[in-house]
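These are the residues of each chain, in order.
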Amino acid sequence: MSETNSCTVDVATLYIVPTPIGNLADITQRALDVLANVDLIAAEDTRHTSRLLTHFSISTRTFALHDHNEQQKADYLIEKLQGGTSIALVSDAGTPLISDPGYHLVNRCRQAGVKVVPLPGPCAVVTALSGAGLPSDRFSFEGFLPPKSKGRRDRFQELANDERTMIFYESPHRIMDSLADMLAVLGPERQVVLARELTKTYETIHGAPLGKLIDWLGEDSNRTRGEMVLLVAGHRAEKEYLPADALRTLGLLVKELPLKKAAALTAEIHGVKKNALYKWGLENLD
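Small disclaimer: the values here were computed from a predicted structure and weren't measured. (Residues numbered from 1 in each chain as written. Predicted model: local features only at pLDDT ≥ 70, side-chain atom pairs only at ≥ 80, totals over all residues. Heavy atoms only, no water.)

Trainee: Looking at this structure, I do not really get the sheet that holds strand S3 (residues 62–64). What am I missing?
Mentor: Sheet strands pair by backbone hydrogen bonding; their relative direction is either parallel or antiparallel. The strand order across the open sheet built from five strands is S3-S2-S4-S1-S5, with neighbouring strands paired in parallel fashion. Bordering the open sheet on either side are S3 and strand S5 (115–118), each of which pairs with just one other strand. Pairwise comparison of adjacent strand axes, ignoring direction, gives a mean angle of 25° for this sheet. The sheet contacts of helix H4 (residues 103–112) involve strand S1 (13–16), strand S4 (87–90) and S5, and relative to S1 the element is tilted by about 145°. (Pairing = 2+ DSSP bridges. Helix = DSSP H or I, 4+ residues; strand = E, 2+ residues; numbered from the N terminus. Axes fitted to C-alpha atoms, helices over the stretch in contact; angles between N-to-C directions. Contact = heavy atoms within 4.5 Å.)

Laid out in structure tokens, this is it:
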């Protein structure tokens with residue numbers, strides 16, 4: 001792996017630059033170098049970005065690129081890039097494209113053969129997941145929940161049996177309604193973690209069974225303020241009970257037969273499911 005301690009900005013290149021989600025100290029030196037040296041910064045909100053740039057004494061020109069104009073402005077920016085202009089893409093906070101604008105521009109750049117360079121950096125999804133204490137080997141990011149109750153319940157119904165940790169963004173004014181809809185579909189025992197105001201002064205990461213989490217939020221209105229990430233434990237199907245005598249039989253038969261055949265015979269003898277026996281054998285027998 002090659003290493004470098006300096007950052008050079010290439011012409012005709014689109015840089016994807018993550019910015020802090022709260023604590024300004026989280027910005028990387030590479031991100032600052034890129035923002036200071038590109039020809040143009042495409043920003044979700046130029047007023048918001050200008051405050052960040054001013055804080056770090058960066059004077060690069062900005063250009064508004066948001067949900068309402070991205071598709072229309074993509075051709076203009078690609079033309080600039082193809083002419084040699086270097087551009088940094090930023091959102092208001094965190095990593096562009098992650099529930100923020102940028103997909104259409106990046107997609108079009110790829111199609112046009114324009115060089116795209118993504119920088120690593122702040123992202124609320126990963127920050128919340130790393131501190132939530134829920135399984136992180138497999139997870140799905142579901143973005144913002146639908147604004148209406150029916151849409152939310154339909155979404156939760158679709159995901160009810162998903163075994164991965166599920167991550168959502170939610171706003172303060174909808175958090176209690178969304179959790180009520182989640183409760184109606186997933187039940188009070190599903191483990192849920194609320195991560196709010198990450199990297200900021202009032203950062204809170206609190207996990208509990210869903211029913212208790214709703215009660216905890218209701219105790220103090222301050223707990224429903226700020227930017228929020230919801231992390232929901234995946235569905236855990238209960239393992240089928242396998243009698244000890246069936247496992248003994250399987251252990252004896254597998255010494256003489258392939259596991260699949262031994263499981264089938266054991267299932268017939270003891271009246272249990274062969275797939276459960278086969279899976280148990282894979283996990284427990286050499």
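Trainee: Would you mind showing me how to read the pattern of salt bridges here?
Mentor: Side chains that carry opposite charge are capable of pairing whenever their charged atoms lie near each other. Tallied over the entire structure, the rule returns 11 salt bridges. If you follow the salt bridges from partner to partner, you end up with Arg152, Arg153 and Asp181 in one network. (Salt bridge = Lys/Arg side-chain N within 4 Å of Asp/Glu carboxyl O.)

Trainee: What's the story with the nonpolar core in this structure? I'm lost.
Mentor: Generally speaking, a soluble globular protein has its nonpolar side chains buried in company with each other. Ranked by size, the top nonpolar core spans 21 residues in total, and within it Phe168, Leu179, Met182, Leu194 and Leu230 carry the most contacts. Breaking this core down by element, the ones donating at least two residues are helix H6 (149–159), strand S7 (165–170), helix H7 (175–186), strand S8 (191–196), helix H8 (210–218) and strand S10 (228–232). When residues of this core are assigned to their parent elements, the largest contribution, five residues, is made by H8. Setting aside chain neighbours within four positions, we find leucine 179 in contact with Leu210, Ile214, Leu217 and Leu230. (Core = buried A, V, L, I, M, F, W, Y, C linked by side-chain atoms within 4.5 Å. Buried < 20%, exposed > 50% of the residue type's maximum accessible area, 1.4 Å probe, protein only.)

Trainee: Would you mind showing me how to read the UniProt feature "domain: RsmI HTH" (unreviewed entry) in the protein here?
Mentor: Summarizing the sequence annotation, UniProt attributes the feature "domain: RsmI HTH" (unreviewed entry) to residues 242–284 in the numbering used throughout. Along residues 242–284, the helical share is 77% and the strand share 0%, with 13 Å between the first and last C-alpha atoms. (UniProt positions renumbered as here; feature names shortened; annotations may be inferred.)

Trainee: Explain H4 to me, please; I cannot follow it from the model alone.
Mentor: Those residues of H4 not exposed but buried are Leu105, Val106 and Cys109. When H4 is viewed along its axis, its buried side chains cluster within an angular range of 95° and face the same direction. Counted as exposed and oriented over 90 degrees from the buried face of H4: Arg110 and Gln111. Turning to H4, the residues buried within the fold contact S1, helix H3 (70–82), S4 and S5. Residue glycine 113 follows H4 closely and has a positive phi angle near 80°. (Arc of directions from axis to C-beta.)

Trainee: Help me understand helix H10 (residues 259–270) in this model?
Mentor: An α-helical turn contains 3.6 residues, so any two residues separated by three or four positions project in the same direction. With 12 residues, H10 should cover 16 Å at 1.5 Å per step; its first-to-last C-alpha distance of 16 Å lies within 8% of that length. What H10 keeps buried is the set Leu259, Ala262, Ala263, Thr266 and Ala267. For H10, the angular spread of the buried residues around the axis is 135°, confining them to a single face. Residues of H10 that are exposed and point more than 90 degrees away from the buried face comprise Lys260, Glu268 and Ile269. Contact partners of the buried residues in H10: helix H9 (244–253) and helix H11 (274–284). Where H10 terminates, the next one or two residues include glycine 271, which has phi positive at roughly 70°. (Expected span 1.5 Å × (residues − 1).)

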